[in-house]
Amino acid sequence: MGVEIGPAGPADAAELTAVHRAAAHLAFADIFPADAPPPPYEDDLAKWRHWLGPDRHRGRRALVARFAETGAKSGPGRAPAVGVVLTGPDPDEPAVGHLARLYVLPEHWGRGIGTHLYRAAMADLAGRRFPEATLWVLEGNDRVRRWYERLGWRQTDERKVTYAPAGIEDVQYRIALPAQAPSKAQDLLW
């Protein structure tokens, strides 16, 4: 069964919160101490509502992966989300693109869904003519850091504290984006 990548909107906040939490809790289990409290569900849901609502008006876009199925393309009866990624301007450097929150449900890891989401996100950023892009990764997330490095991302000197009690930090990565005009299909998508 193929994967379709499409835009997400405000009505998808709860579903994308569930994808985010399932993926993050498993992926970060070896990074955060066992006694570190996870963010409350309500906090994560509020973030997704912001990213899909007010932040969307500032250029943030959410791309969602669903298995291709016949039938409804939106609303009840559509395939459930299996992955998500955010794109848009970097909050600290609006002229630079930013990739964030690339999550895939753990039961679908290793099927290429993350790669499909990544390619769609990079096409979106390049199509919006950002000259380069940034992202943040947990310093201890070696597997994901190696993946981004294989894709051409380079670590900068920028860091930010993610969980101070355990000294856990995010590190920033950058990549130059190819110059390209938006595609007609991409224009229609948004």
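Quantities reported herein were computed from a predicted structural model and do not represent experimental measurements.

Topic: the side chain of Asp12
- Following the sequence through the fold, Asp12 ends up in the loop between strand 1 (3-7) and helix 1 (13-27).
- Taking the relative accessible area as the measure of exposure, Asp12 reaches 5% and is therefore buried.
- When sequence neighbours within four positions are dropped, the list of residues in contact with Asp12 reads Leu52, Arg66 and Arg78.

Points about the confidence of the model for the protein chain
- Of the residues in the protein chain, 89% have a pLDDT of 70 or more, and the chain-wide mean is 90.
- Segment residues 184-190: pLDDT under 50, and 11 contacts once partners within four positions in sequence are set aside and those in other chains are kept.

Comments concerning the environment of Met122
- Here Met122 is to be found in helix 3 (residues 113-127).
- Taking C-alpha positions, Met122 is 8.0 Å from Leu99, a pair spaced 23 residues apart along the chain.
- Here Met122 is in contact with Leu99, Trp153, Ile175 and Leu177, once residues within four sequence places are set aside.

Comments concerning the nonpolar core
- One finds Leu16, Trp48, Leu99, Met122, Tyr148 and Trp153 to be the most contacted residues of the largest nonpolar core, which totals 46 residues.
- With six residues, the single largest contributor to this core is helix 3.
- Those residues in contact with Leu16 that sit more than four places away from it in its chain are Ala8, Trp48, Leu52, Val64, Ala81 and Val84.

Details of the side chain of Asp44
- Mapping Asp44 onto the fold places it in helix 2 (residues 41-52).
- Asp44 gets classed as buried once you look at its relative accessible area, which sits at 3%.
- A polar atom in the side chain of Asp44 sits 2.7 Å from the side chain of Arg21.

So, the pattern of salt bridges
- Inspection of every chain in the model, using the stated rule, returns 11 salt bridges.
- A salt bridge links Asp12 to Arg66, with the nearest nitrogen and oxygen atoms 3.5 Å apart. In this pair, Asp12 is assigned in the loop between strand 1 and helix 1 and Arg66 in strand 2 (residues 61-67), connecting sequence segments 54 residues apart.
- Classification of Arg66 as buried rests on a relative accessible area of 9%.
- Between Asp44 and Arg21 there is a salt bridge, with its nearest N and O atoms 2.7 Å apart. With Asp44 in helix 2 and Arg21 in helix 1, this residue pair connects regions lying 23 residues apart in the sequence.
- Salt bridges linked by common partners bring Asp12, Glu15 and Arg66 together as one network.

The rules behind these values
Residues numbered from 1 in each chain as written. Predicted model: local features only at pLDDT ≥ 70, side-chain atom pairs only at ≥ 80, totals over all residues. Heavy atoms only, no water. Helix = DSSP H or I, 4+ residues; strand = E, 2+ residues; numbered from the N terminus. Buried < 20%, exposed > 50% of the residue type's maximum accessible area, 1.4 Å probe, protein only. Contact = heavy atoms within 4.5 Å. pLDDT = per-residue confidence, 0-100. Core = buried A, V, L, I, M, F, W, Y, C linked by side-chain atoms within 4.5 Å. Polar contact = N/O pair within 3.5 Å; in protein donor to acceptor, adjacent residues only side chain to side chain. Salt bridge = Lys/Arg side-chain N within 4 Å of Asp/Glu carboxyl O.

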